[in-house]
Amino acid sequence: MSATSRRDFLKTTATRAAVVGLFAAGVIELRASPLGMPIGCQTWPVREMLSKDFPGTMKQLAAAGFQSVELCSPTGYAEYGFGGLSKYSGAELRRILADAGVTCVSSHFTIAELRENQQKAIAWAKDAGLTQILVPSLGGPVKPTMDDVKRAADEYNKMGEHSASAGIQQGLHNEEFELSTVDGKRTYDLLFALLDPKLVKFQFQVSTISRGYDAADYFTRYPGRFISMHVQGWSAETKKVVPVGQGTLDWTKIFRAAKTGGIKNYFVEMNLEMMKASVPYLRNLQVS
């Protein structure tokens, strides 16, 4: 998620005292998860903890049952708690993650920082051992024209080409601009036609079901175009985000379709109480 929308989306994040209590239960050992992928989480919900104690936060996430994490760039997300990551060399960062028992192949970068200095972003990603650079949004206007969408796609294709030449996969999340419409058509669907599938993959935000964007539908309609997803449960009755496995989403259907879509990893992203409550369900969910 983008910096702005994350702030709005996670207004109900548990208090620090509650967070500490959530992790007090100890380590959860995981032996299975959908499609054999590690159970991951986005680190945005723990940004305040991370800014104070990155190594300790990674250990607490591992204790909660997460096997992989997705970071946010220390440059683009500096004001939100990730700036402290810049003090670590790539080797130090990898050691901290390894010591905690989690892996990391992906991080979010803002489109603005890629425009300003994509080479710097790629250098940091490679130094940290990452293979994926994701942007939350291409940052176009709220009410774009077709020309706006084409310009954004052309720019991002060039960024994708630059990343590919360095051995990094570029990927696009779906927020804000991507959820707009042009002449009655979804900008998101237009981008699938305009972005080069060899250069750009997609990361799906499952909670956009609240706007009518169905994960299983998109994975099925655009096979092989996705690389990851941000995972949230959803209740159609209450119109609220809930822990994975609760609510009304068919997760077996979603993960089966995710295989078709090309998903390589997924990251739970909600407030910490709900993230932790999602782990047992994901641990036991078997999808062939």
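See the structure above.
Figured I'd write up the structure that's included with this text. (Residues numbered from 1 in each chain as written. Predicted model: local features only at pLDDT ≥ 70, side-chain atom pairs only at ≥ 80, totals over all residues. Heavy atoms only, no water.)

**Brief notes about the side chain of Ser68**
Tracing the backbone shows Ser68 in strand β2 (residues 68-72). Beyond its immediate sequence surroundings of up to four residues, Ser68 is in contact with Pro38, Ile39, Gly40, Cys41, Val102, Thr103 and Phe267. (Helix = DSSP H or I, 4+ residues; strand = E, 2+ residues; numbered from the N terminus. Contact = heavy atoms within 4.5 Å.)

**Regarding the environment of Gly224**
When you line up the elements, Gly224 lands in the loop between α9 (215-221) and β9 (226-231). Residue Gly224 is classed as partly exposed on the basis of its relative accessible area, which comes to 30%. On a C-alpha basis, the gap between Gly224 and Ala258 in space is 9.1 Å, while along the polypeptide they are 34 residues apart. Ignoring sequence-local partners within four residues, the contact set of Gly224 consists of Lys201, Thr260, Gly261 and Gly262. (Buried < 20%, exposed > 50% of the residue type's maximum accessible area, 1.4 Å probe, protein only.)

**Things to note about unusual backbone geometry**
Phi is positive for Glu176, which is not a glycine, with a value near 50°. With respect to the helices, strands and loops of the structure, Glu176 is situated in the loop between β5 (169-173) and β6 (181-182).

**Here's the deal with the nonpolar core**
Core analysis: the largest hydrophobic core is formed by 87 residues, its most contacted members being Phe54, Phe204, Phe219, Phe226 and Met229. In terms of residues, this core owes the most to one element, helix α6 (residues 111-127), which gives 6 residues. Leaving out residues up to four positions away in the same chain, Phe219 has contacts with Phe204, Phe226, Met229, Ile254, Ala257, Ala258, Thr260, Gly261 and Ile263. (Core = buried A, V, L, I, M, F, W, Y, C linked by side-chain atoms within 4.5 Å.)

**Description of the sheet that holds β9**
The sheet built from 8 strands closes into a barrel, its strands ordered β1-β2-β3-β4-β5-β8-β9-β12 with parallel pairing. Direction aside, neighbouring strands of the sheet carry axes that sit 30° apart on average. By the bridge criterion, 4 bridges tie strand β8 (residues 200-205) to β9 in an arrangement that is parallel. Pairing of Gln203 across the sheet is with Ser228, part of β9. The strands touched by helix α8 (residues 187-194) within the sheet are β5, β8 and β9, with β8 carrying the most contacts at an inclination of about 160°. Of the strands in this sheet, β1 (40-42) and β12 (265-268) touch helix α11 (residues 272-284), which is tilted by about 140° from β12. (Pairing = 2+ DSSP bridges. Axes fitted to C-alpha atoms, helices over the stretch in contact; angles between N-to-C directions.)

**Let's talk about the packing of helix α7 (residues 146-165) against α8**
Axis separation between α7 and α8 bottoms out at 10 Å; the angle between their running directions is 45°. By the angle between their axes, α7 is oblique relative to α8. Seen from above, α7 lies across α8 with right-handed handedness. Contact residues: Met146, Val149, Lys150, Ala153 and Asn157 in α7; Thr187, Leu190, Leu191 and Leu194 in α8. In terms of residue class, the contact of α7 with α8 is built from 6 nonpolar, 2 polar and 1 charged. (Parallel < 35°, antiparallel > 145°, perpendicular 65-115°, else oblique. Left-handed = near helix turned anticlockwise from the far one by under 90°. Nonpolar A, V, L, I, M, F, W, Y, C, P; charged D, E, K, R; others polar.)

**Points about the environment of Gly56**
Residue position: Gly56 is located in helix α4 (residues 54-63). Accessibility expressed as a relative area gives 16% for Gly56, which makes it buried. Residues Gly56 and Ile96 lie 40 residues apart in sequence; the distance between their C-alpha atoms is 9.2 Å.

**Re the packing of α4 against helix α5 (residues 90-100)**
Axis separation between α4 and α5 bottoms out at 8 Å; the angle between their running directions is 35°. Helix-helix and strand crossings are classified by hand; for α4 and α5 the assignment is right-handed. Across the interface between the two elements, Phe54, Pro55, Met58, Lys59 and Ala62 from α4 touch Leu93, Ile96, Leu97 and Ala100 from α5. Here the residues of the contact of α4 with α5 sort into 8 nonpolar, no polar and 1 charged.

**A few points about helix α10 (residues 251-261)**
Because each turn of an α-helix spans 3.6 residues, side chains separated by three or four positions end up pointing in the same direction. When we look at burial in α10, the residues that qualify are Trp251, Ile254, Phe255, Ala257, Ala258 and Gly261. Seen from one end, α10 has its buried residues packed into an arc of 165°, which puts them on one side. Set apart from the buried face of α10 by more than 90 degrees, the exposed residues are Lys253 and Lys259. Lining the buried residues of α10 we find α9, β9, β10 (233-235), β12 and α11. The N-terminus of α10 is capped by Asp250, whose side-chain oxygen sits 3.3 Å from the backbone nitrogen of Thr252. Just downstream of α10 lies Gly262, where phi reads positive at about 100°. (Arc of directions from axis to C-beta. Polar contact = N/O pair within 3.5 Å; in protein donor to acceptor, adjacent residues only side chain to side chain.)

Any functional reading would require information that these geometric values do not contain.
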